[in-house]
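Chains, contacts and geometry: an overview
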Amino acid sequence: MKFVQIIDYKTDRFDGVNALMDQWVEKTKGKRTTSHLMMGKDRAEGSHYVEIVEFPSYEEAMQNSKLPETDRIFQEMVALCDGMPTFTDLDVVREEQLNAATARRFFHEIAAGGNLDAIEEVFAEDYIDHDIANEEDTEVGSDIIRRDLTMWRNAFDITFELDRQITEGDDVVLLWTFNGRHKGEFQGIPATGEQCTITGTTVFRFEGGKIKEGWWHFDLMKLMRQLGAM
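Quick caveat: nothing in here was measured; it's all calculated off a predicted structure.

**What to know about the nonpolar core**
- If you look at the biggest cluster of nonpolar residues, it comprises 35 residues, and the most contacted ones within it are Phe106, Phe123, Phe156, Trp176 and Phe204.
- Ignoring sequence-local partners within four residues, the contact set of tryptophan 176 consists of Phe107, Phe160, Glu161, Leu162, Asp163, Ile198, Thr199, Gly200, Thr201, Thr202, Trp216 and Phe218.
- The next biggest cluster of nonpolar side chains, apart from the first, holds 15 residues, and it includes Phe3, Met21, Ile73 and Leu80.

**Some thoughts on unusual backbone geometry**
- In this model, glutamine 187 sits at a positive phi of 50°, which is unusual for a non-glycine residue.
- Relative to the helices and strands, glutamine 187 is located in the loop between strand 8 (171-182) and strand 9 (195-207).

**As for the pattern of salt bridges**
- The final tally for this structure, using the stated rule, is 18 salt bridges.
- Note that glutamate 45 and lysine 10 form a salt bridge whose closest N and O atoms lie 2.9 Å from each other. Here the residue glutamate 45 occupies a position in the loop between strand 2 (36-41) and strand 3 (48-55), and lysine 10 occupies one in strand 1 (residues 3-10), the gap between them amounting to 35 residues.
- A relative accessible area of 35% means that lysine 10 is categorised as partly exposed.
- Residue glutamate 207 pairs with lysine 212 through a salt bridge whose shortest N-O separation is 3.2 Å.
- The class of glutamate 207 is partly exposed, set by a relative accessible area of 43%.
- Look at lysine 212 and you get buried, because its relative accessible area is 11%.
- Taken together, the shared-partner salt bridges connect Asp126, Arg205, Glu207, Lys212 and Glu213 into one network.

**Points about the side chain of threonine 70**
- When you line up the elements, threonine 70 lands in helix 3 (residues 68-80).
- A relative accessible area of 17% means that threonine 70 is categorised as buried.
- Once residues lying within four places of it in the same chain are set aside, the contact partners of threonine 70 are Trp24, Asn64 and Ser65.

**A few points about the packing of helix 1 (residues 14-27) against helix 3**
- Helix 3 packs onto helix 1 with a crossing angle of 175° between their chain directions and a minimal axis gap of 10 Å. Judged on the interaxial angle alone, helix 3 and helix 1 are roughly antiparallel. Contact residues: Gly16, Val17, Leu20, Gln23, Trp24 and Lys27 in helix 1; Glu69, Thr70, Arg72, Ile73, Glu76, Met77 and Leu80 in helix 3.
- Taken together, the residues that form the contact of helix 1 with helix 3 break down as six nonpolar, three polar and four charged.

**Thoughts on the pairing of strand 3**
- Along strand 3, six of the eight residues are buried, which leaves the element largely enclosed by surrounding structure.
- Both strand 1 and strand 3 contribute to a ladder of eight bridges, which runs antiparallel. Its bridge partner being in strand 3, aspartate 8 is matched across the sheet by valine 50.
- In this structure, strand 2 lies alongside strand 3, joined through six bridges in antiparallel fashion. Its bridge partner lying in strand 3, leucine 37 is registered against valine 53.
- In sequence, strand 2 turns back onto strand 3 through a hairpin of six residues.

**Description of the packing of helix 4 (residues 98-112) against helix 6 (residues 143-155)**
- The geometry of helix 4 relative to helix 6 is characterised by a closest axis approach of 11 Å and an angle of 65° between their N-to-C directions. Along the contact surface, helix 4 presents Phe106, Ile110, Ala111 and Ala112, while helix 6 presents Ile145, Leu149 and Arg153.
- Taken together, the residues that form the contact of helix 4 with helix 6 break down as six nonpolar, no polar and one charged.

**Things to note about the sheet that holds strand 2**
- The strand order across the open sheet formed by four strands is 2-3-1-4, and the pairing between neighbours is antiparallel. A single partner strand is all that each edge strand has here, and the edge strands are strand 2 and strand 4 (86-91). The mean inter-strand angle of the sheet, taken between neighbouring strand axes irrespective of direction, is 15°.
- Sheet topology note: the strand 1/strand 4 ladder contains six bridges and is antiparallel. Pairing of phenylalanine 3 across the sheet is with aspartate 91, part of strand 4.
- The sheet contacts of helix 1 involve strand 1, strand 2 and strand 3, and relative to strand 2 the element is tilted by about 175°.

Criteria and thresholds
- Residues numbered from 1 in each chain as written.
- Predicted model: local features only at pLDDT ≥ 70, side-chain atom pairs only at ≥ 80, totals over all residues.
- Heavy atoms only, no water.
- Core = buried A, V, L, I, M, F, W, Y, C linked by side-chain atoms within 4.5 Å.
- Buried < 20%, exposed > 50% of the residue type's maximum accessible area, 1.4 Å probe, protein only.
- Contact = heavy atoms within 4.5 Å.
- Helix = DSSP H or I, 4+ residues; strand = E, 2+ residues; numbered from the N terminus.
- Salt bridge = Lys/Arg side-chain N within 4 Å of Asp/Glu carboxyl O.
- Axes fitted to C-alpha atoms, helices over the stretch in contact; angles between N-to-C directions.
- Parallel < 35°, antiparallel > 145°, perpendicular 65-115°, else oblique.
- Nonpolar A, V, L, I, M, F, W, Y, C, P; charged D, E, K, R; others polar.
- Pairing = 2+ DSSP bridges.

See the structure below:
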């Protein structure tokens, strides 16, 4: 079970605390078990700070706390704070990346499942598209997704496997595998009945909970070879 520790403290010497964190990151390379670190400043009280430290498990957090570098840096941090920092230990019972879930919805429900009516729920009206399969480098409008999906779905029986998904800020990156039987005309090639497989990467940029921009990179040459066009 994922584990999160919240460290709450007050200081007028945050630059010193921040420098200590830089030292800790450098000195614990290859030894620390922390997977994610975030530091926040209270907008209402400028000397109030909160650190959120994420670990794969409670056990790994304990391993991290026993590092001599962790103990030394913490003692120096306390000297910079107004009083002793407080700690809150949390077992993560629910974690949800909403943008990531929306990205998965596109591949599973819309692209593979055929629910094109959900396009407007997932994509911004002024969506910007960058797709190596299209003649234009950049196209604008959610109707582009409907047009392209209709073309692909008419040409192939589509399934997608999402091999990896990475979320950072407003961006969601997906590594996927496309499988589909060639059942209809595609790029001027009549249906061959061939079972085709290609891999690709899509980067979605979200804005207001909807996909605002997308970049599509996939092995179109391999697909054309499978269709006998090359």
